[in-house]
Structures are given as structure tokens and as C-alpha cells.
Amino acid sequence: TWPEVRDKLRQGTRTVIVPTGGIEQGGPHLVLGKHNYIVRRTAAAMARALGDALMAPVVTYVPQGSIAPPQGHMRYPGTVSMPESVFQAVLENIARSFKAHGFRQILFLGDSGGNQHGQRAVANQLNKEWAGTGTRVLHVSDYYDPEANGQFAWMRAQGKATAAKSGHGDWRDTSELWAAHARGVRADKIGAANLAGVSGDSNGSSAALGEKMLALKIAAALRQIRHWRAQLANRLDK
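Because the structure is predicted, anything quoted here is derived from the model rather than measured.

Conventions we followed
Residues numbered from 1 in each chain as written. Predicted model: local features only at pLDDT ≥ 70, side-chain atom pairs only at ≥ 80, totals over all residues. Heavy atoms only, no water. Buried < 20%, exposed > 50% of the residue type's maximum accessible area, 1.4 Å probe, protein only. Helix = DSSP H or I, 4+ residues; strand = E, 2+ residues; numbered from the N terminus. Pairing = 2+ DSSP bridges. Phe/Tyr/Trp six-rings, centres within 6.5 Å; stacked < 30°, edge-to-face > 60°. Lys NZ or Arg CZ within 6 Å of the ring centre and 35° of its normal.

Chemist: Please set out the pairing of strand E3 (residues 105–110) residue by residue, giving values where relevant.
Modeler: For a regular strand, side-chain orientation follows a simple rule: the groups alternate between the two sheet faces. Within E3, six of the six residues are buried, leaving the element largely enclosed by the surrounding structure. Alternating residues of E3 divide into Gln-105, Leu-107 and Leu-109 and Ile-106, Phe-108 and Gly-110, and every residue in both groups is buried. By the bridge criterion, six bridges tie strand E1 (residues 15–20) to E3 in an arrangement that is parallel. Bridge assignment links Val-16 to a residue of E3, and that residue is Ile-106. Where E3 and strand E4 (residues 136–139) come together, four bridges link them in parallel fashion. Residue pairing in the sheet places Phe-108 in a bridge with His-139 of E4.

Here's what the structure looks like:
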């Protein structure tokens, strides 16, 4: 509630995590809200781990490709897309709102590839505008990058080198959703031949493997945030 947020601010909480997900097709075996379920789980875990952060509601609508004519995920019914300019305007005004309330560290956490550019652009824009105000924005880039977060390295070490590549509705995607929201996985459709909307192999997916994938994303994000915070503190010391 708003009084609870007010009280957290009075107690010194100055960090807010802004999760961004998406509504997109994930083949016939993954529900459309996959990214929203995953990022809600990971952002909450990060807020608990940081101990001094709040988590904003998930931004559920993000860029998913051209609407007219339909391109990318928009070729599949159920996908919802936002123009890049609209997405960036939404992020900008979310950040401005939290700054107005007294938050000083605003973290953009995106669970979809289409979110990364907009988050980076808005963070850069606002950091330039807000230089010297004490409010900073971080695009948590290491969270979603499978090379930066260690997912691909772990998969190679486990003998899954062939799966360690970018895909969609594949082994990683399916396992992550299974861990975050098991009801969102249609297990009987995993690995079916000629899965429309799927890039990569979804065979071998499991909730246990998903837990490992999510843990790696969370750990990488926390490392980046803590390093960023240390850099900010050093600058203040100077």
C-alpha cells in the first residue's frame, strides 16, 4: 500500500526494481505470459537478497515486432506488441515517478531480448539528465545475457554445448518457466515435431534445470548491482 511505501522510504529504502516481461508466443508448449512469470519470480528474489529494495509491478507489455504488417512474434495470435518509442516513454515515466517519491537507485530488469535496447537507452538518457542529483538508473544487462550470467558456460560444462545458443521456446526457456510457473508449461507438447514458433530443442527441460538457470540469472544481476553500487559509493567518497 502507499503508506507502506512511504514508511519504507522514511526507513531509508531508496532502491526500486522495475521488472519488464512481455506477452509473446513461446510455441505450443509455453503460455504467452512466460516472461512476466519468470521476471516476477527473479525480481522478487533479488529484492529479498538486496534487503533494501522494493519491487515494482511487472511491465507486461513490451516491443514484440511490427503490428502492421505483423512480423516476428506478432505473426502468432495472442502476442501483444508496443512500439519502441512507447515502451521507452513508459520506462521513462516510471523512473520519473519513482524519483519524485524519493527513490535514488532505479533498476531496469528485462526478461526479454526486445526489452534490452529500450532499457539501456532510457537509463543512459536519464543518467545524463540527472547527473549530480543523486538519482541513478541501471539497466541490469548481465541478467538476460546468457554469456554474462553464466548459463551457457554451465551448460557447456554439463555436456549441453549444443543447447548453449540463442533460441526461443527451447531448453532454457522451457525449464525457466517450469521453475517459475509450472502451470504455464504444456508438457505433452514439449519436443513435438515442427513446433511452430520454436527455435532450438525443448527436449530435456525440467523444473530442476530451470531453478539452476534462474539462480544464475539472479546471481549475475546481484553481482552487477553490487558492483555498480560500490562504484557510486566511491564517487561519493571523492
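So, next bit.
Chemist: Outline unusual backbone geometry, listing residues and values.
Modeler: Note the cis peptide between Ala-68 and Pro-69, where omega equals 0°. In this fold, Pro-69 is placed in the loop between strand E2 (53–55) and helix H3 (84–101).

Chemist: Run through the packing of aromatic side chains, naming residues and quoting values.
Modeler: Following the criterion strictly, the structure yields one aromatic pair and no others. Ring geometry for Phe-98 against Phe-103: centres 5.4 Å apart, planes inclined by 85°, an arrangement best described as edge-to-face. Sitting over the ring of Trp-130, Lys-99 keeps its end group 5.4 Å from the ring centre.

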